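A look at the structure
So the chains spell out like this:
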Amino acid sequence: MSIMKKLLISTLLVFGLSMNVFGQKHPPAPPHPSKNELVSLKMKELDKKYNTEKKLILNHPLATKQMKRDQMKALNKRYQTEKRLLKQVK
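Let me begin by describing the structure that accompanies this report. What you see is a predicted model, and the numbers here were worked out from it, not measured in a lab.

**Side note on the overall build of the protein**
- Scanning the protein for helices and strands turns up three helices and zero strands.
- For the protein, the residues scored as buried account for 13% of the 90 residues in total.
- Here the analysis covers contacts within the protein between residues at least 6 apart in sequence; of these, 63% occur between residues at least 24 apart.
- If you sum the accessible surface of the protein, you get close to 8,400 Å²; carbon and sulfur atoms cover 66% of it.

Written out as structure tokens, the structure is:
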């Protein structure tokens, strides 16, 4: 009898705990951002990335002026291209 009683109690306990877990309300999923919000977020990330890369190029201790000029030209070209692509998506 003791084994049956322990089995019954443990079964009820496990069943009760599982019902408690499934019975809890889950928070609603956050709303999906709109297309414009996503594009503006990407624009901000692009601007931030551009500014950090620009600082790294201009403050580089070993790069010559010509190297910095060439790197800035390439960075500006890439930045303008990515910005144009983002504007097309909008």
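**Some remarks on the packing of aromatic side chains**
- Under the criterion given, the structure shown has one aromatic pair.
- A ring pair is formed by Tyr50 and Tyr79, whose centres lie 4.2 Å apart and whose planes are at 25°; its orientation type is stacked. Taken as a pair, Tyr50 in helix H2 (residues 35-58) and Tyr79 in helix H3 (residues 65-89) lie far apart in primary sequence, 29 residues in all.
- A relative accessible area of 13% places Tyr79 in the buried class.

**Looking at the pattern of salt bridges**
- A complete count under the given rule lists four salt bridges for this structure.
- With a shortest N-O distance of 3.9 Å, Lys42 and Glu45 are connected by a salt bridge. Taken as a pair, Lys42 and Glu45 lie in helix H2 at a separation of three residues, close to a single helical turn.
- Arg78 serves as the salt-bridge partner of Glu82, at 4.0 Å between the closest nitrogen and oxygen. Note that Glu82 and Arg78 are positioned in helix H3 at a spacing of four residues, about one turn of the helix.
- The exposure class assigned to Glu82 is partly exposed, which follows from its relative accessible area of 30%.
- Shared partners join several salt bridges into a network, and the residues in it are Glu53, Arg78 and Glu82.

**Examining the side chain of Lys68**
- Among the structural elements, Lys68 can be located in helix H3.
- Not counting chain neighbours up to four residues away, the residues in contact with Lys68 comprise Ile57, Leu58, His60 and Ala63.

**Regarding the nonpolar core**
- Core analysis: the biggest nonpolar cluster contains nine residues, these being Val39, Met43, Leu46, Tyr50, Ile57, Met72, Leu75, Tyr79 and Leu86.
- Broken down by secondary-structure element, the contributors of at least two residues to this core are H2 and H3.
- Not counting residues up to four positions away in its chain, the partners in contact with Leu75 are Tyr50, Glu53, Lys54 and Ile57.

Rules behind the numbers
- Residues numbered from 1 in each chain as written.
- Predicted model: local features only at pLDDT ≥ 70, side-chain atom pairs only at ≥ 80, totals over all residues.
- Heavy atoms only, no water.
- Helix = DSSP H or I, 4+ residues; strand = E, 2+ residues; numbered from the N terminus.
- Buried < 20%, exposed > 50% of the residue type's maximum accessible area, 1.4 Å probe, protein only.
- Contact = heavy atoms within 4.5 Å.
- Areas by Shrake-Rupley, 256 points an atom, 1.4 Å probe, with all protein chains shown as cover.
- Phe/Tyr/Trp six-rings, centres within 6.5 Å; stacked < 30°, edge-to-face > 60°.
- Salt bridge = Lys/Arg side-chain N within 4 Å of Asp/Glu carboxyl O.
- Core = buried A, V, L, I, M, F, W, Y, C linked by side-chain atoms within 4.5 Å.

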